[in-house]
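Secondary and tertiary structure notes
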Amino acid sequence: NEKVKDVFVALGGSELHAMTSDQGRFDFRNMAAGGTYSVNPEKNDDHINGVSTLDLVMIQRHILSIDKFDSPYKLIASDANKDGKITAADLVEIRKLILGTTSSFTNNKSWRFVDKGYTFQDVTFAQGEAFPEVYNIENLNTDMTTDFIAVKIGDVNGTAKANNLVNIVEPRSNNNLVLTTESKSFEAGERITIPVKVERQSDLSGLQ
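Presented here is a report on the structure given in the accompanying data block. As the structure is a computational prediction, the values presented were derived from the model and not from experiment. Within each chain, residues carry numbers counting from 1 in the order of the written sequence. In keeping with the model being predicted, local features are shown solely for residues with a pLDDT of at least 70 and side-chain atom pairs are shown and tallied solely at 80 or more, while totals for entire chains, interfaces and linings include all residues. Here the side-chain values reflect all heavy atoms present in the structure, with hydrogen atoms and water set aside.

1. Structural notes on the layout of surface pockets
In this analysis a 1.4 Å probe is tested at points of a 1 Å grid over the protein atoms alone, and where it fits but cannot get out there is a cavity; an open set with protein on both sides within 12 Å along at least five of seven lines is a pocket; lining residues have an atom within 4 Å of a point. Grid points are joined across faces, edges and corners, and a volume is the space filled by probe spheres set on the points. The space that makes up the largest pocket amounts to roughly 1,500 Å³. Lining the largest pocket are 47 residues; nearest its centre among them are Gly 24, Thr 146, Asp 147, Phe 148 and Ile 149. Classification convention: Asp, Glu, Lys, Arg as charged; Ala, Val, Leu, Ile, Met, Phe, Trp, Tyr, Cys, Pro as nonpolar; all other residues, Gly among them, as polar. When its residues are assigned to classes, the lining of the largest pocket shows 25 nonpolar, 12 polar and 10 charged.

Quick look at the structure:
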């Protein structure tokens, strides 16, 4: 329910384009009546925006059927590699982004847009549907309002910064997590396994 700034909106069938404001608005004026057009929103910057380890944990819980997503837009956000499925491959894509080994998704843009008026055929498999990402206008004969639901890829807990009017804080703590291992002596060249454990019980969802 936040308005998305700096979305590039092209008007197919013309040479016009616009950038959305902090209020998520765009405007095309003085259009010729009777024309056929398509409204095409696109935003492909700052892929890491809103993406954190908590998103990884939530998507993994969905995959394992521990806590399934109830929103079609969260399903679309989870499909990081845009293959129409939500699998461990999506977790790998998001993890690489978090760790900084890549700065963008390999086969996806940072945002996707769904026609707000679209009704999903199966809300439990929204990422696999060919949902409309443009709005088509045939025989323009009146003022029109077109609207889209913006989906930040990789962000399922809604922490992406959409404009300059909101300041979302990531749900992280400043607490220290104490890790321990046994003190042992070893010989040079010896191959060893070091078990690292949490010192005491901790209410922890995930770490990276």
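2. Here we look at the nonpolar core
Generally speaking, nonpolar side chains in soluble globular proteins are found buried as a group. One finds Ile 59, Ile 76, Ile 94, Val 114 and Phe 120 to be the most contacted residues of the largest nonpolar core, which totals 21 residues. Labels follow the DSSP assignment, with helices taken as runs of H or I lasting at least four residues and strands as runs of E lasting at least two, numbered in each case from the N terminus. Every element with two or more residues in this core is listed here: helix H1 (53–63), helix H2 (72–78) and helix H3 (88–99). Residues are treated as being in contact if the distance between any of their heavy atoms lies within 4.5 Å. Once residues within four sequence positions are removed from consideration, Val 114 is found in contact with Tyr 73, Ile 76, Phe 120, Phe 131, Pro 132, Asp 147, Phe 148, Ile 149 and Val 151. The next biggest cluster of nonpolar side chains, apart from the first, holds 15 residues, and it includes Val 4, Val 7, Val 39 and Ala 162. By nonpolar core is meant a set of buried Ala, Val, Leu, Ile, Met, Phe, Trp, Tyr and Cys residues that side-chain atoms within 4.5 Å join together. Relative accessible area decides the class of each residue, using a 1.4 Å probe on protein chains only: under 20% of the type maximum gives buried, over 50% gives exposed, and in between gives partly exposed.

3. Examining a nonpolar patch on the surface
A contiguous nonpolar surface patch, about 690 Å² in accessible area, is contributed by Leu 177, Leu 179, Phe 186, Ile 192, Ile 194, Val 196, Val 198 and Leu 204. The exposure class of Val 196 is exposed, given its relative accessible area of 55%. Exposure above 30% relative accessible area and no salt bridge define the residues that can form patches, which grow by joining like charges within 9 Å and nonpolar side chains of Val, Leu, Ile, Met, Phe, Trp and Tyr within 5 Å. Using the Shrake-Rupley algorithm and a 1.4 Å probe, accessible areas are obtained, with residue cover drawn only from the displayed protein chains. Salt bridges are defined as contacts in which a side-chain nitrogen from Lys or Arg sits within 4 Å of a carboxyl oxygen from Asp or Glu.

4. Some remarks on the sheet that holds strand E2 (residues 17–19)
Reading across from one edge, E2-E1-E3-E5 is the order of the 4 strands in this open sheet, with antiparallel pairing throughout. The two strands at the open ends of the sheet, each matched to only one other strand, are E2 and strand E5 (135–137). Strand-to-strand twist of the sheet, defined as the mean angle between neighbouring strand axes without regard to direction, takes the value 20°. What makes two strands pair is DSSP finding at least two bridges between them. Of the strand pairs in this sheet, strand E1 (residues 8–12) and strand E3 (residues 37–42) are connected by 5 bridges, and their pairing is antiparallel. Within the sheet, the bridge partner assigned to Leu 11 lies in E3 and is Val 39. The axes are straight lines fitted to the C-alpha atoms, using for helices just the contacting stretch, and the angles between their N-to-C directions are given from 0 to 180°.

5. Side note on H1
For H1, every residue scored as buried is listed here: Thr 53, Asp 55, Leu 56, Val 57, Ile 59 and His 62. On its buried face, H1 is in contact with H2 and H3.

6. As for the packing of aromatic side chains
Working definition: rings of Phe, Tyr and Trp (its six-membered ring) pair if their centres are within 6.5 Å, and the pair is stacked with planes under 30 degrees apart, edge-to-face with planes over 60 apart, and tilted otherwise. Inspection of the entire model under this criterion finds 4 aromatic pairs. For the ring pair Tyr 118 and Phe 120, a centre distance of 5.1 Å and an interplane angle of 80° mean the geometry is edge-to-face. An aromatic cluster of at least three residues, connected via ring pairs, comprises Tyr 73, Tyr 118, Phe 120 and Phe 131.

7. Some thoughts on unusual backbone geometry
The phi angle at Asp 6 is positive, at roughly 60°, despite the residue not being glycine. Along the chain, the position of Asp 6 falls in the segment before E1. Residue Asp 46 is not a glycine yet carries a positive backbone phi of 50°. Mapping Asp 46 onto the fold places it in the loop between E3 and H1.

8. Here we look at the pairing of E3
Here E3 pairs with E5 via 3 bridges, running antiparallel. Bridging across to E5, Tyr 37 finds its partner in Ile 137.

9. A few points about the side chain of Asn 163
Relative to the assigned elements, Asn 163 resides in the loop between strand E6 (148–152) and strand E7 (179–180). The exposure class of Asn 163 is buried, given its relative accessible area of 4%. Distance and chemistry together define a polar contact, namely a pair of N or O atoms within 3.5 Å, with one atom able to donate a hydrogen and the other to accept it when in protein, and with adjacent residues in sequence counting only for side-chain atoms on both sides. There is a polar contact of 2.5 Å between the side chain of Asn 163 and the backbone oxygen of Lys 3. Setting aside its immediate chain neighbours within four residues, Asn 163 contacts Glu 2, Lys 3, Lys 5 and Asp 22.

10. Structural notes on the pattern of salt bridges
When charged atoms on two side chains of opposite charge get close, those side chains can pair. For the structure shown, the criterion picks out 7 salt bridges. Among the ionic pairs, Arg 29 bridges to Asp 27, the shortest N-O distance being 2.9 Å. Here Arg 29 falls in the exposed class, since its relative accessible area comes to 63%. Since its relative accessible area comes to 44%, Asp 27 is described here as partly exposed. Residues Glu 133 and Arg 112 are paired through a salt bridge, measuring 2.7 Å at the closest nitrogen-oxygen approach. Taken as a pair, Glu 133 in the loop between strand E4 (111–115) and E5 and Arg 112 in strand E4 lie far apart in primary sequence, 21 residues in all.

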